[in-house]
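# Structural overview
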Amino acid sequence: MDYGEPLPSYEGIAAAFAKAKADKERDEAQGLRPATRDAAVVQKQGEVHFKAAHGLVIAFLTWILVLHALGIYLFTSGFMLTRLVLDEKSECALPPTDIGSTHTPGSPETGCWHPKSFEKAVVILIDALRYDFTVPFKSEDSEQPHHFHNALPVLYETAINNPSNAFLLPFIADPPTATMQRLKGLTTGTLPTFVDVGSNFAGADIGEDNVLAQLRNASRRIVHLGDDTWHALFPGYFEPNLTHAYDSFNVWDLHTVDNGVTDHIFPLLHPSNTSKWDVTIGHYLGVDHAGHRYGPDHPAMAAKLKQMDDTLRRIIGQIDDNTLLVVMGDHGMDSKGDHGGESDDEIQAALFMYSKRKFFGRSSPAFQTPPATAKERQVAQIDLVPTLSLLLGLPIPFNNLGAPIEEAFIGAAGDDYRNLATVNRLTAAQIHRYQHEYALARGLDGSTRVSSLSLWASANNVWNSLGKKSTQDQLKDAYSSYSAYQIETLKICRDLWARFDIPRMLSGVTILALSLVVLAVYARGIDGDRSELTPTLFAMASIGTTIGLLIGVGTTYAIPSLARDNTFAYCFAMGGIVGVGAAFWYIRRRISSPIPTSMWGWLSVIFTVALSAGFAANSFTIWEDEILLHFLVTFGVLTAISSLRQKAATDRILGTYHSILFVLLTRVASLSRLCREEQMPYCRATYYASATSSTSATWQLAIPYVVALLLPAFIRSYYDGTLSYQGSAVLWLGFALRFGLLLSAAYWTLDAADDGDWYPGYGEILKTTKIIIAQLTLAIALAFGYSTFAWSKPFLKIEDKSKKAKASKKEVIPEGNPSSITILGYANVHGSRYALLVTMWFLAIALVQKPMGAGAIAIACWQIFSLFEIIDTNKLSDTPIGPVVLGLLGSFHFFKTGHQHTLSSIQWESAFIALRTIKYPWTPILVVLNTFGAQILCAVAVPALVLWKQSPKKRGLLGDVAKAMGTHMLFYAVVNLATTMWAGHLRRHLMLYRIFCPRFMGGAVVLLIVDVVGIFMAVGGTRLSFLSIGEVFGWH
Amino acid sequence: MKIKDRALPEATNIYPTGFAQSYQHLHPFLVLALGSWYFNDIVANPIKGLSTALVWLAVLQIAYCVTCLPPYGTGKVVVEKKKPGEKEKKRSSQVATKIFTGLVALIMSLIVSLVVAATLVLFGAPMTTHHWETLLCAGHMSLLATLPLVYVRGVEGQTWQEAVALLLPVDDVYGGMIGTFVGAWLGAVPVPLDWDRAWQRWPVTIVTGAYVGYAIGKSIGATWGKGGKIVFV
């Protein structure tokens, strides 16, 4: 690059400075005349010293990052047990074992693995049908019947009057008792876990094998009526002409869904229409809604149950001989009518099966009466899956863990143990096949399932010993052996997938809490320049970590039963923390309490702690965006007050102006909103064209152009104030940044043209062009940007005497050479040089945001520069408020760029902004830049807080940078620790999966990203800017 | 925008008469009583309730000013016995001044309430709806915070700048102002909670916070906070 004339002058100044310094030192030390060569040596020494100190700061902060990662890993592995979703599907022609009977497998007409019993099925799902709603009320003591008692007697009556035609049993749900999770269990036969890691992480639709997929595979026609959750899970599975789905979220409406189902189900049951479908699913919501709205003990519930009773009687009357009727609840409800948790009332639903044929039996005459309470003869909800599959002649879904229900296979006489043994053997064999594949896919050894494997072997022995004429007892034995295998496997899986590992969670939290203390002392409790002390701290941390690791290795040998990863991680972290603790003791004269002593320090603590404490309440978590707005405006108002108190007029005026600007910009940005479901109806989304679309409105396409036009000029004004708009800053801010922003605006216009098909036939050209434009923009931002940042000189300009009339305090006259030259841009040489990095990342992040988000992130960038001025004019660079406010600002603009802490708000399509197909590592980087762009931008800006308008001769600037970045990381670490603890503490909370767990995941991911960006991009970036300035002004 | 170098004003003293002295302690309770008296009306119908309460608050605040506070321009209260002969004459002319100053203060504080309303919007009050609720809320805050301040400090630009910069010495009036704003700030805390209570509607909690904050701030300002400076570092 061409810098014109000043270049030689710089070197002259650099040499002059260094020489003067060297002269002085030498004169003082020896009184000798200096040699010219020594200046270069001193300069070199300073540089080497800086590089070493800088490297150690990075190393120490990286060690903190590792502690964060270990803590999060341990907590997460104890908290979010994951289940791998296998994509394998059971096939009709491939039974898991030999059939052992005369039946020929492979034909859906006669039955795939087992002879088919029913041609058709009607499945009536009454949401929240608790078991005690269906059985007669038996008074114990003097208790009076409640409204929900005796209102739905039809199931009990039918089962007791015609036991061969029907049975009624308690139907136990696996928590969480939310409808979507239940539908997954009822169709796949698997246990719910928080994260089912599968091929499609984003969508809700079920990828793994299930009853509906098997039905569709066998070309059976499925009709669905009622709750539209089914359509999210099984898109395109249902007969489009006959299916009628209804919105499930309006819990105040008790009748629309039910009336819709009833209106459409009876025509289907009419003999003239039964040839049009094979399976009909009717999902009633009225009982559930009555529970949510009124609670179970209310006349409305009685009325609703009576209505259901009436409907069921009519259905039972109309069903034909070849149709199986299943009536069930997906979960129960608690005493207030809500559900989601795992209390008895919530998991105890009812299951009823009915056939016109004499088909069902009981293994004991005592079982003719349905159980009086849900505590007896329980059936697991997943048992429906093999039962229904075998009755309809389908293969059992691959991932099923349930068992066939005894009543459905024992025969009307109650003695067909051969059939019972056969179906249990088939089911157990499929479970065995699944477990084998799962262990292979997960790389598990046999140790976790030793007990189940031995049960499998013994059950097979019993089976093989059976002859053609086995006795009832031998068959019973085979049945119970396979059943024992299934029960044991289910237990193992439950242990593996559905339980929290509390010790792991606690060790994770311990590491996070102690590393927080270490970081707090490092960031706020060290007097003076912490870069001097970092070598000691890092050395002790390394020694401690090594010792810890050795102890960890020893412990795992001594006690092999301990989980190896847990022990290593824990010992690694604890050793290091003890080491740093010892180092803190060693340097205790330099340690003071990290508890703040100033108002601004307290304000930082209040912001951070209040926000973090709020995450314990679901409301404060839901409304985090508004809380951040409140805090940021509070900060702006307080700095406005503080600015008005400044003595110097320029500080007062500039400070007040930027404070007011900061407040106004915050409020303007707050107009960009993407609402989460829980915020309705108090939130109006503006991020996209409408609340139901995910494309931008046409007017929003103008936003990036406005940004391109104005923002570079605004940023320039922050450089103009100190005459720092010189050298490469002109090239970058004046040309490259604006050009890049224009390109990114063009990208979004092309994207809209492509999406909306504005120019039919040119779609492919548009697509190619926009991807090239996006890649070009990223190249400008990061490749060109970084080379400018790495190699440009400080933004200074030397002016000679003739222009000295304008001289002010922004210029400086070098000592010893008073008459000849002045330096423009001297007042902010560090800040202006470093802040270039902020604008580069801004360009990259602005590209990957939707048009509205580009506006928001531009406002964020503008606010960041205002914050620099506010901090400088109010002399706050030593307080924690700057880094904390940057944390608030990053979190705030996370929401303003169209995100929420929910999985569904991740804008996956941003992966394709600069790429056609998924390419690692670029795809995740693009999604991360889109999702956490605001936090990344603010983290990059942190060093500029302490560099803005600092004299190049100021000592300890590197320590200030470490202090600021430590404080910024501390903010996110507190938020992460709080959300982690709340998620762990509230692990039984109804809203865990919807609110607390997503917020915990958000907090953890943000902490790690901010750590990485803050350490390597921001603190790492200061190396380049410090070197560039050190070259000119020497090392101090 | 330029602050002249001058000594900052002193803390305001209350008239030394027995009635004024006792009334000043009674006043915060009267304000709280007013607030709780209208609370249910405000919850039921914020616009109607707040408008009615605003009128009574204005009466109450002017009564407090006239009874206890020296109006702007009359100099500070000198805690001295006056000569018996002068007393009668002085009072009649003073009453007119006081009422006039009180009315000016009322008008000024209503104008200031527009600024307060804008500030509420900046803090996150709804921008497109609930305009009357926000304005009335600002009116209440302004009558609590600025009416007595204008009454004793006048409308001089520099004094106001010092007032905003929190440079004035703490006294009854200034303590009340700070208390009002801090209280209103804290009043925003229960707004997002999902308790589905009627009193969570906008702006009931803010007004409640302002009233409670005023009463506490004024009492602190009148007692151990008196004459103190606000430290801001």
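Residues numbered from 1 in each chain as written. Chains lettered and ligands numbered in written order. Predicted model: local features only at pLDDT ≥ 70, side-chain atom pairs only at ≥ 80, totals over all residues. Heavy atoms only, no water.

Counting its secondary structure elements, chain A contains 32 helices and 12 strands. Dimensions of chain A, computed from the C-alpha atoms along their principal axes, are close to 115 × 70 × 60 Å. Evaluated residue by residue, chain A yields a buried proportion of 59% over its 1036 residues. Intrachain contacts of chain A at a sequence separation of at least 6 include 78% that bridge at least 24 residues. Approximately 40,300 Å² of chain A is accessible, and the part contributed by carbon and sulfur atoms is 61%. The positive charge centre, built from 85 side chains, and the negative charge centre, built from 87, are 8 Å apart in chain A. (Helix = DSSP H or I, 4+ residues; strand = E, 2+ residues; numbered from the N terminus. Buried < 20%, exposed > 50% of the residue type's maximum accessible area, 1.4 Å probe, protein only. Contact = heavy atoms within 4.5 Å. Areas by Shrake-Rupley, 256 points an atom, 1.4 Å probe, with all protein chains shown as cover. Lys, Arg positive; Asp, Glu negative; His and termini not counted. Charge placed at Lys NZ, Arg CZ, Asp CG, Glu CD.)

What follows deals with the UniProt feature "transmembrane region" (unreviewed entry) in chain B. All names here are of chain B. According to UniProt, the feature "transmembrane region" (unreviewed entry) maps to residues 99-123 and 173-193 in the numbering used here. Along residues 99-123 the backbone is 96% helical and 0% strand, and the end-to-end C-alpha distance reaches 35 Å. The distance separating the terminal C-alpha atoms of residues 173-193 is 33 Å; by composition the span is 71% helix and 0% strand. (UniProt positions renumbered as here; feature names shortened; annotations may be inferred.)

Residues and elements named next belong to chain A. Applying the stated criterion across every chain yields a total of 33 salt bridges over all chains. Glu119 is the salt-bridge partner of Lys116, the closest N and O atoms lying 3.5 Å from each other. Among the residues examined, Glu119 registers a relative accessible area of 40% and is labelled partly exposed. Through salt bridges with shared partners, a single ionic network connects Asp751, Asp754, Lys767 and Lys770. (Salt bridge = Lys/Arg side-chain N within 4 Å of Asp/Glu carboxyl O.)

Contacts between the two partners involve 26 residues from chain A and, on the opposite side, 25 residues from chain B. Taken together, the connections running from chain A to chain B amount to zero salt bridges. Along the contact surface separating chain A from chain B lie eight residue pairs in polar contact (both at pLDDT 80 or more). Of the residues belonging to the side of chain A that touches chain B, the class tally is 15 nonpolar, seven polar and four charged. (Polar contact = N/O pair within 3.5 Å; in protein donor to acceptor, adjacent residues only side chain to side chain. Nonpolar A, V, L, I, M, F, W, Y, C, P; charged D, E, K, R; others polar.)

Attention now goes to a nonpolar patch on the surface. A contiguous nonpolar patch, built from Ile595(A), Trp602(A), Val605(A), Ile606(A) and Val609(A) and spanning about 440 Å² of accessible area, is present on the exposed surface. Overall, the relative accessible area of 40% leaves Trp602(A) in the partly exposed class. (Patch = residues over 30% accessible without salt bridge, like charges linked within 9 Å, V, L, I, M, F, W, Y side chains within 5 Å.)

In this description, an aromatic ring pair is defined by two values, namely the gap between the centres and the angle between the planes. All names here are of chain A. In total, this model carries 43 aromatic pairs over all chains according to the counting rule given. Ring geometry for Phe398 against Tyr434: centres 6.2 Å apart, planes inclined by 80 degrees, an arrangement best described as edge-to-face. You can see Phe398 sitting in the loop between helix 11 (384-391) and helix 12 (406-409) and its partner Tyr434 sitting in helix 13 (residues 417-442), a full 36 residues away along the chain. Overall, the relative accessible area of 5% leaves Phe398 in the buried class. For Tyr434, a relative accessible area of 0% translates into the label buried. Relative to Tyr482, the ring of Trp463 lies with its centre 6.3 Å away and its plane at 70 degrees, an arrangement referred to as edge-to-face. In this pair, Trp463 is assigned in helix 14 (residues 450-464) and Tyr482 in helix 15 (residues 472-497), connecting sequence segments 19 residues apart. Grouping residues by exposure puts Trp463 and Tyr482 together as buried. Three or more aromatic residues joined by ring pairs make a cluster, and in this case those are Phe118, Phe167, Phe359 and Phe360. (Phe/Tyr/Trp six-rings, centres within 6.5 Å; stacked < 30°, edge-to-face > 60°.)

Residue and element names in this part refer to chain A. One way to put it is that helix 16 (residues 502-524) packs onto helix 18 (residues 564-586) with a least axis distance of 10 Å and a crossing angle of 25 degrees. Judged on the interaxial angle alone, helix 18 and helix 16 are roughly parallel. You can see that helix 16 and helix 18 cross each other, and the crossing is left-handed. When helix 16 is examined against helix 18, the residues Arg504, Ser507, Thr510, Ile511, Leu514, Ser515, Val518, Val521 and Tyr522 are found in contact with a partner set consisting of Asp565, Asn566, Ala569, Tyr570, Ala573, Met574, Ile577, Val580 and Phe584. Looking at the contact of helix 16 with helix 18, its residues break down into 12 nonpolar, four polar and two charged. (Axes fitted to C-alpha atoms, helices over the stretch in contact; angles between N-to-C directions. Parallel < 35°, antiparallel > 145°, perpendicular 65-115°, else oblique. Left-handed = near helix turned anticlockwise from the far one by under 90°.)

In this section: the nonpolar core. Across soluble globular proteins, you tend to see nonpolar side chains buried next to one another. All names here are of chain A. Within the largest apolar cluster, 240 residues are counted, with the highest numbers of intra-cluster contacts made by Phe79, Tyr719, Phe842 and Leu937. Tallying contributions element by element places helix 32 (residues 992-1033) first for this core, with 17 residues. A domain-level breakdown of this core finds at least three residues from each of domain 1 (6-34 + 596-1033) and domain 2 (35-81 + 500-595). Leave out the neighbours within four places in its chain, and Leu937 touches Val838, Trp841, Phe842, Ile845, Ile857, Ala860, Cys861 and Ile864. Of all hydrophobic cores here, the second largest spans 76 residues; its members include Leu125, Tyr237, Leu392 and Ala421. (Core = buried A, V, L, I, M, F, W, Y, C linked by side-chain atoms within 4.5 Å. Domains from an automatic or database assignment.)

To continue, consider the domain arrangement of chain A. Each domain of chain A was delimited in the assignment, giving domain 1 (6-34 + 596-1033), domain 2 (35-81 + 500-595), domain 3 (121-381) and domain 4 (416-499). In this structure, domain 2 of chain A and domain 4 of chain A have C-alpha centres spaced 50 Å apart.

Below, the discussion takes up empty space enclosed by the protein. All names here are of chain A. The tally for this structure, following the rule as stated, stands at six cavities of 30 Å³ or more. Taken as a whole, the largest cavity holds about 130 Å³ of empty space. If you go around the largest cavity, you meet 13 residues; those closest to its centre are Val123, Thr187, Leu212, Ile281 and Leu388. Those elements that place two or more of their residues in the lining of the largest cavity are helix 4 (179-188), helix 5 (211-217), strand 7 (279-284) and helix 11. By residue number, the principal contributor to the lining of the largest cavity is helix 5, which donates three residues. Across the lining of the largest cavity, the residue classes break down as 12 nonpolar, one polar and no charged. (1 Å grid on protein atoms, 1.4 Å probe; cavity = no way out; pocket = protein on both sides within 12 Å on 5 of 7 lines; lining within 4 Å. Points joined across faces, edges and corners; volume = space filled by probe spheres on them.)

Looking now at helix 24 (residues 728-756) of chain A. Note that an α-helix has 3.6 residues per turn; residues three or four places apart therefore point the same way. Residue and element names in this part refer to chain A. Between the first and last C-alpha of helix 24 there are 40 Å, a value that for 29 residues agrees with the 42 Å anticipated at 1.5 Å per step. At Ala736, helix 24 is bent by approximately 30 degrees, the largest bend along its length. Directly after helix 24, the chain includes Asp757, whose backbone phi takes a positive value near 55 degrees. (Expected span 1.5 Å × (residues − 1). Bend = angle between axes of the 7 residues up to and from the residue.)

This next bit is on the environment of Leu466(A). Tracing the sequence through the fold places Leu466(A) in the loop between helix 14 and helix 15. Distance from Leu466(A) to Ala478(A), taken between C-alpha atoms, is 8.4 Å for residues 12 residues apart in sequence.

The linkage connecting Tyr920(A) with the following residue, Pro921(A), adopts the cis geometry, with an omega of 0 degrees. Following the sequence through the fold, Pro921(A) ends up in the loop between helix 28 (881-896) and helix 29 (922-931). Of note, the bond from Trp202(B) into Pro203(B) is cis; its omega dihedral lies within 30 degrees of zero at -5 degrees. Within the secondary structure, Pro203(B) is located in the loop between helix 7 (172-187) and helix 8 (204-222). With phi around 60 degrees, Ser219(A) is a residue other than glycine that occupies positive phi space. Tracing the chain through its elements places Ser219(A) in the loop between helix 5 and strand 5 (222-227). Residues other than glycine seldom take positive phi values, yet Asp757(A) does so here, at roughly 55 degrees. Within the secondary structure, Asp757(A) sits in the loop between helix 24 and helix 25 (763-791).

Residues and elements named next belong to chain B. Checked against the element boundaries, Asp171 lands in the loop between helix 6 (157-164) and helix 7. Reaching out from Asp171, the side chain makes a polar contact with the backbone nitrogen of Val173 at a distance of 3.1 Å. Apart from the residues within four sequence positions on either side, Asp171 is in contact with Ala11, Thr12, Arg153, Gly176, Gly221 and Ala222.

Residue and element names in this part refer to chain A. Taking burial as the measure, the six residues of strand 7 include six buried ones, the bulk of the element. Here strand 7 shows no split at all, with Val279, Ile281 and His283 on one side and Thr280, Gly282 and Tyr284 on the other all buried. By the bridge criterion, five bridges tie strand 5 to strand 7 in an arrangement that is parallel. Within strand 7, the residue paired with His224 across the bridge is Ile281. (Pairing = 2+ DSSP bridges.)

Quick look at the packing of helix 14 of chain A against helix 15 of chain A now. Helices that pack against each other are described as a pair by the angle of their axes relative to one another and the distance between those axes. Residue and element names in this part refer to chain A. Two elements in contact, helix 14 and helix 15, have axes separated by 9 Å at closest approach and are oriented at 165 degrees. The pairing of helix 14 with helix 15 is recorded here as roughly antiparallel in orientation. The handedness of the crossing between helix 14 and helix 15 is left-handed. For the pair helix 14 and helix 15, the contacting residues are Ser451, Ser452, Leu455, Trp456, Ala459, Asn460, Val462 and Trp463 in the first and Gln474, Asp477, Ala478, Ser481, Tyr482, Ala484, Tyr485, Glu488, Thr489 and Ile492 in the second. The residue inventory of the contact of helix 14 with helix 15, partitioned by class, reads 10 nonpolar, six polar and two charged.

We now examine the state of the cysteines. Residues and elements named next belong to chain A. In total, this model carries two disulfides over all chains according to the counting rule given. A disulfide bridge connects Cys92 with Cys112, and the sulfur atoms are separated by 1.9 Å. Taking the torsion about the S-S bond as the criterion, the Cys92 to Cys112 disulfide, at about -100 degrees, is left-handed. Of the two residues, Cys92 is situated in the loop between strand 1 (82-84) and strand 2 (120-126) and Cys112 in the loop between strand 1 and strand 2; the sequence distance between them amounts to 20 residues. The same class applies to Cys92 and to Cys112, which are both buried. Paired by a disulfide, Cys675 and Cys683 hold their sulfur atoms 1.9 Å apart. Looking along the S-S bond of the Cys675-Cys683 disulfide, the torsion reads about -75 degrees, which is the left-handed sense. (Disulfide = S-S within 2.5 Å.)

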